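# Architecture at a glance
One letter stands for each residue in the lines below.
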Amino acid sequence: MSTSLLEVEAINSFYGDSHILFDVSLTVGRNEVVALLGRNGAGKTTTLRSIMGLVTPRSGSIRLDGRAISGLPPFEIARLGLQLVPEERAIFGQLTVEENLRLAALTAPQAWTLDRIYEFFPRLRERRRSGGRQLSGGEQQMLAIARALIRDAQVILLDEPFEGLAPLIVRDLVRISRDLAAQGRTILVVEQNVVAALSFADRVYVLNNGHVAWEGTPAALRGDPALMKAHLGV
Amino acid sequence: MPSTALLLSQAFNGLALGTLLALVASGLTIILGTLGVLNFAHGALFMLGAYAMYVVMAHTGSWLLGLLAGGVFMLVVGVALERVLVRLFYQRPHEDQILVTFGAGIVIVEAVRAYFGGNTKSVPTPSWGQGIVRLGFLFYPTYRLELIGIVAALLFALYLVLYRTSIGLVVRAGIEDARMVGVLGINVRRAFLAVFALGVLAAGAAGMLYAPIVSVQPDMGGSFLVEAFVVIVIGGLGSYPGAVVGGLIAGEIVSLTSAFNTAYSEVMLYAVMALLLVLRPQGLFGSEGRV
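Only a predicted model underlies this, so the values are computations on that prediction, with no experimental measurement involved. (Residues numbered from 1 in each chain as written. Chains lettered and ligands numbered in written order. Predicted model: local features only at pLDDT ≥ 70, side-chain atom pairs only at ≥ 80, totals over all residues. Heavy atoms only, no water.)

Residues and elements named next belong to chain A. Of all nine residues in helix α1 (residues 44-52), seven are buried; the element is thus mostly enclosed. Along α1, the residues that are buried comprise Lys44, Thr46, Thr47, Leu48, Ser50, Ile51 and Met52. Backbone geometry just downstream of α1 places Gly53 in the positive-phi region, at approximately 90°. (Buried < 20%, exposed > 50% of the residue type's maximum accessible area, 1.4 Å probe, protein only. Helix = DSSP H or I, 4+ residues; strand = E, 2+ residues; numbered from the N terminus.)

The next subject is a nonpolar patch on the surface. A surface patch of nonpolar side chains, about 210 Å² in accessible area, is lined by Val245, Ile249 and Phe285 of chain B. Here Phe285 of chain B falls in the partly exposed class, since its relative accessible area comes to 39%. (Patch = residues over 30% accessible without salt bridge, like charges linked within 9 Å, V, L, I, M, F, W, Y side chains within 5 Å. Areas by Shrake-Rupley, 256 points an atom, 1.4 Å probe, with all protein chains shown as cover. Salt bridge = Lys/Arg side-chain N within 4 Å of Asp/Glu carboxyl O.)

Right, let's talk about the interface of chain A and chain B for a bit. Listed by partner, the interface residues are 25 residues for chain A and 17 residues for chain B. Buried surface at the junction of chain A and chain B, both sides included, amounts to about 1,900 Å², of which 64% is carbon and sulfur. Contact with chain B buries surface across chain A, with Phe75, Phe92 and Leu103 of chain A losing the most and accounting together for 30% of the total. There are one salt bridge connecting chain A and chain B. Applying the counting rule to chain A against chain B returns nine residue pairs in polar contact (both at pLDDT 80 or more). Sorting the residues of the side of chain A that touches chain B by element identifies α1, α2 (74-79), β6 (82-85) and α3 (97-105) of chain A as the ones contributing at least two each. Here the residues of the side of chain A that touches chain B sort into 14 nonpolar, four polar and seven charged. (Contact = heavy atoms within 4.5 Å. Buried area = accessible area lost by both parts, 1.4 Å probe. Polar contact = N/O pair within 3.5 Å; in protein donor to acceptor, adjacent residues only side chain to side chain. Nonpolar A, V, L, I, M, F, W, Y, C, P; charged D, E, K, R; others polar.)

All names here are of chain B. For the pair helix α2 (residues 42-60) and helix α3 (residues 63-84), interaxial distance at closest approach is 9 Å and the crossing angle is 140°. Our classification of the angle between α2 and α3 gives oblique. The way α2 lies across α3 gives a crossing that is right-handed. Residues Leu45, Leu48, Gly49, Ala52, Met53, Val56, Met57 and Thr60 of α2 form the contact with α3, whose own contacting residues are Trp63, Leu65, Gly66, Leu67, Ala69, Gly70, Phe73, Met74, Val77 and Leu81. Grouping the constituent residues of the contact of α2 with α3 by class yields 14 nonpolar, four polar and no charged. (Axes fitted to C-alpha atoms, helices over the stretch in contact; angles between N-to-C directions. Parallel < 35°, antiparallel > 145°, perpendicular 65-115°, else oblique. Left-handed = near helix turned anticlockwise from the far one by under 90°.)

See below:
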């Protein structure tokens with residue numbers, strides 16, 4: 001048996017009639033940070049959405065800790081310990097920061113305390129009574145990550161955490177991501193910002209047109225400019 | 001020009017109508033906001049509440065028992081309607097949802113007509129609500145005055161449920177983004193059932209409380225439903241504060257315009273709604289691009 005915490009095996013996902021993912025397979029080991037890279041439209045977000053149950057793959061299997069989760073509704077998958085931090089962040093704008101966190105903690109078996117979250121994100125403690133809508137982009141992203149942390153998710157699926165944020169904020173978030181990696185959190189991260197993603201990933205998959213085109217270490221990817229150019233355009 | 005006493009009296013009537021509209025509309029708006037379903041059976045459910053009060057009052061004479069038994073009855077109706085019918089239509093287009101709830105409303109109205117007949121029933125005012133109260137130079141019916149207080153208390157109770165409980169937290173989040181609530185591990189479908197039942201209870205409670213001051217008959221919900229729609233458009237779709245404030249505004253517009261010319265009361269309501277839609281299309285408390 002494999003020791004991977006998350007195993008995606010040959011999944012095929014569709015939006016309506018369009019075939020988006022073709023036999024995509026990947027694994028994420030316990031305490032491992034895996035980056036999923038690729039151009040726009042390569043199928044990165046669809047992969048994360050398939051794992052979270054927001055898209056049900058037509059074939060293939062997804063296992064968390066050996067247990068098949070493909071076909072389960074998102075709320076059950078979340079209760080098993082997977083947590084998607086979506087690209088659009090999906091902060092509840094009408095709820096305060098603290099209400100966003102309490103909502104996330106409701107069904108978590110081992111929820112963190114608010115204090116522990118606020119120690120990790122002092123900025124969120126300052127903003128805890130602010131409505132989600134009043135937060136800056138960086139604060140929203142922190143809150144989105146904090147909602148996954150307060151649930152003590154076994155695997156965090158980070159979709160484009162640095163997108164649309166100012167360089168200084170990205171630097172903060174990269175530091176936070178590194179801290180999480182150093183704590184042994186298991187993370188599957190999708191990112192357009194290749195340099196930022198490679199700075200805290202242990203392993204990399206490159207997606208191209210819905211196929212896994214390459215798999216290896218950040219060092220190997222950095223050392224292959226032709227590959228970077230062909231699949232990532234950088 | 002109407003006298004000051006008449007205007008004042010109409011202002012109180014506006015408050016009584018406004019709080020009731022707020023109660024009906026808050027049920028409509030939380031169902032629309034959370035489930036995405038525009039419940040066209042809402043007027044029929046309001047009427048059903050009035051008949052529940054009529055039946056219990058006719059048999060026991062107890063207003064309190066009418067409110068309690070009627071409340072339980074409305075919850076049962078709400079749960080049944082959601083489980084048997086509405087649940088099957090969450091994934092369907094809005095037209096289908098409107099048609100099926102509209103149809104359910106017709107069935108309820110006609111069933112009541114078949115059983116109770118089409119003639120008007122009168123529900124007695126409870127003993128503690130009879131007579132009139134003197135407010136300075138104004139005489140005002142006691143029950144109407146008490147009604148304002150009772151409905152305000154119910155609206156406050158609904159506020160506490162929505163803003164101080166876990167289920168309220170789920171409902172408010174669900175109004176914004178039901179899918180994300182599911183991604184955070186919450187079974188949204190179960191929350192949907194609670195929201196629908198709560199919305200039906202709000203409509204029914206308004207019917208029960210309103211029963212002593214209107215003529216109870218099978219079609220009484222129709223105009224109330226339309227006014228409730230106007231209220232949630234004014235207040236902002238899916239917004240509870242919007243339903244409350246919009247209800248009070250609508251109640252005052254209708255009542256105060258009646259003091260000048262009854263024929264124009266509804267016209268004025270639609271005129272204000274139209275003006276608001278031009279100036280602030282998302283409504284007073286609504287957010288853009290929702291529902």
